[in-house]
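Understanding the architecture of this molecule
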Amino acid sequence: MFNRFLATPLSALLDANTGQVSPPAATSLLEQALEQANKVASYSSLNITEFSKAPFLEKKHLLSQAAHMNADPFLARCVNGQPPEIIHVSSGSGGIPTFWGRSVADEVAIATRFEQIFVDAFNVAGNAPTLAIVALPMGSWVGGLFTTSCIRYLSQKGHPISVIAPGNNVPEILRIVSTLGASFRQIVLLAYPPFAKTCIDAGIAQGIVWSEYSMKFVFAGEVFSEEWRALISARAGIKNPLQDVVSIYGTADAGVLANETPLSALIRATLASKPDVARALFKKDRIPSLMQYDPLSRYFEVEPESGTLVITTMPHADVGVPSFVSMPLLRYSIGDAGGLIGFDEMMEFMKVNAGLDAVSEAVKSGSVIRKLPFVWVFGRAFWTVSLYGANVYVENVMAGLEQEHVHSLVTGKFVLDVNEDPDNVRLMIQVELAAANSNLAADEKSERDADDVALVLARSILGGLRKLNSEFAHYVPEDKQLPIVRIHPYGEPHYFPVGVKHDYMKK
């Protein structure tokens, strides 16, 4: 698998795709996916003989199946019950953190997604040399080490990339930029969105002129708005946000599943400016992440009843000989709400409904077009609270904290809940202040200022809610719409611990 990756150009790795959600080449791979799943105790006990008849399973079902068999809960999810080469752990945003495993072959399969980003979006060949700074958490979590390995494989393939992995250590990241930045033509920062903003703001405070480093971003972990893309781009001196700011869709369960492309970013930005057209496609009043994916690597379906995305990890190919994924997943429900559309169907939809010839516009800006299908992702289906019958989503609150008059006050992190006082039922939102403003929450003398800041944030969030969420605007009594906001210093350990993936919904 590794040798094939090193020897094969990116285009050849993707050329079996037709742009369809279910391309012809997927048929035999799905049969092999069933074969590999049946080498896993948690699946083989279900006696699945045809892929189309396989049940949709959530993580809890796989774990409970192992318990039902009285089998080891970890090895029961491994091929032939053999421990994998590498073990990592999920963040626990969907419940209890779970251990998963991977091999070098698993990592190489995912490295192709990063190759798409660095080659197609960041033009790594034309911007040599490139410094990639992995600012995702290190340790047993999947993000940092997995990403570092994938980018190193790109270097071994001949791409002019140097990778350094300080993790989410702001002073060290700024030291790296200040010391090494001038030695490279561009810098790529790979991070969770709120942490990237913290880095950029801290750098500005130290006098770093980010525009001097031709910054690029790869963001993981959550949906962000087009307003936020513009905000971070302006602060980092980025002139082409649709090409230089890229979101990836990744999970601890199955690695990177999809990635933004300049084409998908152009389409999303267009839809964000045309809410009626967006609603016709997405069937919601929200703008999800929109990405392209390789169905011959990660095969997507949508579970009909819940509307959540389902994946099957396809076997790896090495000169025509398939090799199994260390911990394969078959019709596995990730828990993210979303949808799918083929390449040709998307181009036709945008032309007819938005008046956009997306391919022509993307090519004008020098974008590489890959004929891959699209997936949209709203985020975890359970990242919502209910207030007076209105569903309030995490991204509704994000929008309020991204406004021009407040975004410099905060990091972008918050925790969404509902106030438990039965006489004053409102949204309760804990907000993390930017490091430069943390004295407002820490200094008793600043209590009045803190109240003023909290009120400004509450009003900004309310404005976003009324604009983006019609249920909230119409269901919640007007005198209960202003949320209760509590501000906290940067890194406050209960709500905003440093060094771990942030959880917007405390359980």
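What counts, and at which threshold
Residues numbered from 1 in each chain as written. Predicted model: local features only at pLDDT ≥ 70, side-chain atom pairs only at ≥ 80, totals over all residues. Heavy atoms only, no water. Helix = DSSP H or I, 4+ residues; strand = E, 2+ residues; numbered from the N terminus. Rg over C-alpha atoms; globule rule 2.2 N^0.38 Å. Areas by Shrake-Rupley, 256 points an atom, 1.4 Å probe, with all protein chains shown as cover. Lys, Arg positive; Asp, Glu negative; His and termini not counted. Charge placed at Lys NZ, Arg CZ, Asp CG, Glu CD. Polar contact = N/O pair within 3.5 Å; in protein donor to acceptor, adjacent residues only side chain to side chain. Contact = heavy atoms within 4.5 Å. Phe/Tyr/Trp six-rings, centres within 6.5 Å; stacked < 30°, edge-to-face > 60°. Buried < 20%, exposed > 50% of the residue type's maximum accessible area, 1.4 Å probe, protein only. Salt bridge = Lys/Arg side-chain N within 4 Å of Asp/Glu carboxyl O.

When helices and strands are counted, the protein shows 19 helices and 21 strands. Its C-alpha atoms give the protein a radius of gyration of 23 Å, near enough to 23 Å, the size a compact globule of 507 residues would have. Summarising its shape, the C-alpha atoms of the protein cover approximately 70 × 55 × 50 Å along the three principal directions. In the form shown here, the protein has an accessible surface area of approximately 20600 Å², with 53% of it arising from carbon and sulfur atoms. The averaged location of the 52 negative side-chain charges in the protein is 3 Å from the averaged location of its 42 positive side-chain charges.

It is worth spelling out the side chain of Asp253 at this point. Relative to the assigned elements, Asp253 resides in the loop between β8 (245-251) and β9 (255-259). Within polar-contact distance, the side chain of Asp253 engages the side chain of Tyr332 at 2.5 Å. Not counting the four nearest positions on each side in its chain, Asp253 is found in contact with Trp100, Leu329 and Tyr332.

Attention now goes to the packing of aromatic side chains. A complete count under the given rule lists 14 aromatic pairs for this structure. A centroid spacing of 6.2 Å and a plane angle of 80 degrees characterise the contact between Phe51 and Tyr299, whose relative ring orientation is edge-to-face. With Phe51 in the loop between α4 (41-44) and β1 (57-58) and Tyr299 in strand β11 (residues 298-302), this residue pair connects regions lying 248 residues apart in the sequence. By relative accessible area, Phe51 is classed as buried at 13%. By relative accessible area, Tyr299 is classed as buried at 8%.

In total, this model carries 17 salt bridges according to the counting rule given. Residues Lys157 and Glu115 are paired through a salt bridge, measuring 3.0 Å at the closest nitrogen-oxygen approach. Taken together, the residues span a long stretch of sequence, with Lys157 in the loop between α7 (142-156) and β5 (161-164) and Glu115 in helix α6 (residues 104-121) at a distance of 42 residues. Each member of the pair Lys157 and Glu115 is classed as buried. With a closest N to O distance of 2.9 Å, Asp201 and Lys197 form a salt bridge. Highlighted residues: Asp201 and Lys197, both in helix α9 (residues 193-205), separated by four residues, approximately one helical turn. Residue classification places Lys197 among the buried positions, given a relative accessible area of 2%.

Okay, the side chain of Asp120 next. Within the secondary structure layout, Asp120 lies in helix α6. On the accessibility criterion, Asp120 (8% relative accessible area) is buried. Among the polar contacts made by the side chain of Asp120, one reaches the side chain of Arg370 at a distance of 2.8 Å. Apart from the residues lying within four places of it in its own chain, the contact partners of Asp120 are Leu10, Glu115, Gln243, Pro262, Val368 and Arg370.

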